[in-house]
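Examining the three-dimensional arrangement
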Amino acid sequence: MTRPAARSGSRASADRLARLLNLVPYLLARPGIEIAEAADDLGITERQLREDLELLWVCGLPGYGPGDLIDMAFDGDRVTITYDAGIDRPLRLTPDEALALVVALRMLAETPGVANRDAVERALAKIEDAGDLVGAPVAVRLPGDTRRVEALRAAVEGGRALRITYYTAARDETTDRVIDPLRVLMVGGQAYVEAWCRRAEAVRLFRADRIDAVTELAEPATVPPQARVHDRADGVFRPSADLPLITLRVGRSERWITEYYPCERVEAGDGDQWLVSLRVTDLGWARRFVLGLGPDVTVVAPVELAEQVRATAAAALDAYAVPTPLVAPQPDPVELAGDPAAHPVG
């Protein structure tokens, strides 16, 4: 059994949803259009378009009866939308829906690195005005140290270099660096600053809550021409062929790692066990990762990692194996003097 990473499936689903939302108004404006022509206009194959049209048959309004679903007619290779399930009517929001949208837009407006912030603010103002939600008692706060994120954002906007003290979890070490910030962004609910690191002489991503100290320098940020930001749509970690590949045998209770981490290969093993292969930043991180998973995980490869895990586990067991000397409690002399049992007769 080999499965693609979960993020790939999520992105494909999002792409298809965008196509479906665009497809109905496109077909309404072009009744009787040939499927081949529509597929060419939409930049997809005829097979993809036919599959999308089959999905539209079961889309529509709540109730999902014959009069609630999108309907269409086919004439050879031509298609016409005969019932759009009200998709062309102006959107009407209930108070709860409007408030939920206001919260989402305020969160988006507060997110560092968001492009077209002005468009977000305009949309927010329109919805608040239409729904009488101006000044609604809703406070949106991003996770993490807001002041730290604001300091990073100010450095990006002001074009200033930063001196930071940063904790690298993969190597369990703290370093001092001078960075030239490129942008601040949110990935997976965490704030990051992407910057040119003068120490590494490369673009690096620094998590805001792992920056122990930050100082804005008087000198401007000097980003070299070869510095480029990376696409983070699929997450922070970008596995590549030059990174170490580890293979684990996992039981049913630890299969969750295949959904949380990008895996190169997942195969069925004996019984309920799976063989999982994934790239890691270094074996030091992999050792701590495996030790934290529990007894339902075994290292298959590389041998070096298996030896590191075994040695660390053995050292931990040895620490518990040395008994602590027990000292018998001594009775209090005052209590002993008052205890009749301590003075036998005869």
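For the structure, check the block above.
Because the structure is predicted, anything quoted here is derived from the model rather than measured.

Cut-offs applied
Residues numbered from 1 in each chain as written. Predicted model: local features only at pLDDT ≥ 70, side-chain atom pairs only at ≥ 80, totals over all residues. Heavy atoms only, no water. Helix = DSSP H or I, 4+ residues; strand = E, 2+ residues; numbered from the N terminus. Buried < 20%, exposed > 50% of the residue type's maximum accessible area, 1.4 Å probe, protein only. Areas by Shrake-Rupley, 256 points an atom, 1.4 Å probe, with all protein chains shown as cover. Phe/Tyr/Trp six-rings, centres within 6.5 Å; stacked < 30°, edge-to-face > 60°. Pairing = 2+ DSSP bridges. Axes fitted to C-alpha atoms, helices over the stretch in contact; angles between N-to-C directions. Contact = heavy atoms within 4.5 Å. Salt bridge = Lys/Arg side-chain N within 4 Å of Asp/Glu carboxyl O. Polar contact = N/O pair within 3.5 Å; in protein donor to acceptor, adjacent residues only side chain to side chain. Parallel < 35°, antiparallel > 145°, perpendicular 65-115°, else oblique. Nonpolar A, V, L, I, M, F, W, Y, C, P; charged D, E, K, R; others polar. Core = buried A, V, L, I, M, F, W, Y, C linked by side-chain atoms within 4.5 Å.

**With respect to the overall build of the protein**
- Each helix and strand in the protein was counted, giving ten helices and twelve strands.
- When burial is assessed residue by residue, the protein has 31% of its 346 residues classed as buried.
- Here the protein displays about 21,600 Å² of accessible surface, and carbon together with sulfur accounts for 54% of that area.

**Section: the packing of aromatic side chains**
- According to the stated counting rule, one finds five aromatic pairs in the structure shown.
- Between Y261 and W285, the ring centres sit 6.1 Å apart and the planes meet at 65 degrees, which makes this aromatic pair edge-to-face. Residue Y261 is located in the loop between helix 7 (257-260) and strand 10 (263-268), and its partner W285 is located in helix 8 (residues 283-291); the two are separated by 24 residues in the primary sequence.
- By relative accessible area, W285 is classed as partly exposed at 23%.
- Between W285 and F289 the ring centres are 4.9 Å apart and the planes differ by 10 degrees, which places this aromatic pair in the stacked class.

**Topic: the sheet that holds strand 10**
- Taken in spatial order, the four strands make up an open sheet running 10-11-9-12, and their pairing is antiparallel. In this open sheet, the two strands that pair with only one neighbour each are strand 10 and strand 12 (297-301). In this sheet, adjacent strand axes meet at a mean angle of 25 degrees when their direction is disregarded.
- Where strand 10 and strand 11 (residues 274-279) come together, five bridges link them in antiparallel fashion. Residue pairing for strand 11: V266 is matched across the bridge by V276.
- Helix 8 contacts strand 9 (245-250) and strand 12 of the sheet and is inclined by roughly 10 degrees relative to strand 9.

**Some points on the pattern of salt bridges**
- Under the defined criterion, the tally for this structure stands at twelve salt bridges.
- D52 is paired through a salt bridge with R19; the nearest N and O atoms lie 2.9 Å apart. With D52 in helix 3 (residues 46-56) and R19 in helix 1 (residues 6-28), this pair connects stretches of sequence that are 33 residues apart.
- Residue D272 pairs with R252 through a salt bridge whose shortest N-O separation is 3.3 Å. With D272 in the loop between strand 10 and strand 11 and R252 in the loop between strand 9 and helix 7, the pair connects residues that are 20 residues apart, well separated along the chain.
- Classification of R252 as exposed rests on a relative accessible area of 52%.
- Residues joined by salt bridges that share partners form a network here, namely D180, R198 and E219.

**Comments concerning the sheet that holds strand 1 (residues 33-34)**
- Read across the open sheet, the three strands follow the order 1-3-2; overall the sheet is antiparallel. Edge positions in the sheet fall to strand 1 and strand 2 (71-75), since each has one partner strand and no second.
- Relative to strand 3 (residues 78-83), strand 2 is paired through five bridges, and the arrangement is antiparallel. Bridging from a neighbouring strand, M72 pairs with I81 of strand 3.

**Some details on the side chain of T175**
- Looking at where T175 falls in the secondary structure, it is placed in strand 5 (residues 173-187).
- A polar contact of 3.0 Å, which involves the side chain of T175, links it to the side chain of R177.
- Ignoring sequence-local partners within four residues, the contact set of T175 consists of I164, T165, Y166 and R199.

**As for unusual backbone geometry**
- Cis peptide bonds are those with omega within 30 degrees of zero, and the linkage from A301 to P302 qualifies with 0 degrees.
- Non-glycine residue E201 carries a positive phi angle of around 55 degrees.
- By the element assignment, E201 lies in the loop between strand 6 (190-197) and strand 7 (202-207).

**Description of the packing of helix 2 (residues 35-42) against helix 3**
- The interhelical angle for the contact between helix 2 and helix 3, taken along N-to-C directions, is 100 degrees, at an axis separation of 9 Å. Compared by their axis directions, helix 2 and helix 3 come out roughly perpendicular. Counting all contacts with helix 2, which are made through I35, A36, A38, A39 and L42, the residues of helix 3 involved are E46, L49, R50 and L53.
- Residues of the contact of helix 2 with helix 3, tallied by class, amount to seven nonpolar, no polar and two charged.

**Thoughts on the pairing of strand 3**
- Here strand 1 runs beside strand 3; their pairing, made up of two bridges, is antiparallel. Its bridge partner lying in strand 3, I33 is registered against V79.
- Taken together, strand 2 and the strand that follows it, strand 3, pair antiparallel across an intervening segment of two residues, in which G76 is found at a positive phi of about 70 degrees.

**Things to note about the nonpolar core**
- Counting 20 residues, the largest nonpolar core has I246, L248, V250, V276, V290, V299 and L305 as the members making the most contacts within it.
- Elements with a contribution of two residues or more to this core: strand 9, strand 10, strand 11, helix 8, strand 12 and helix 9 (303-321).
- Among the elements that make up this core, the one with the highest residue count is helix 8 (four residues).
- Discounting chain neighbours no more than four positions away, the residues touching V290 are L248, V297, V299 and V309.
- Among the nonpolar cores identified, the runner-up in size contains 18 residues, and L23, Y26, I35 and A39 belong to it.

Interpretation note: all reported values are geometric properties and have no functional meaning in isolation.
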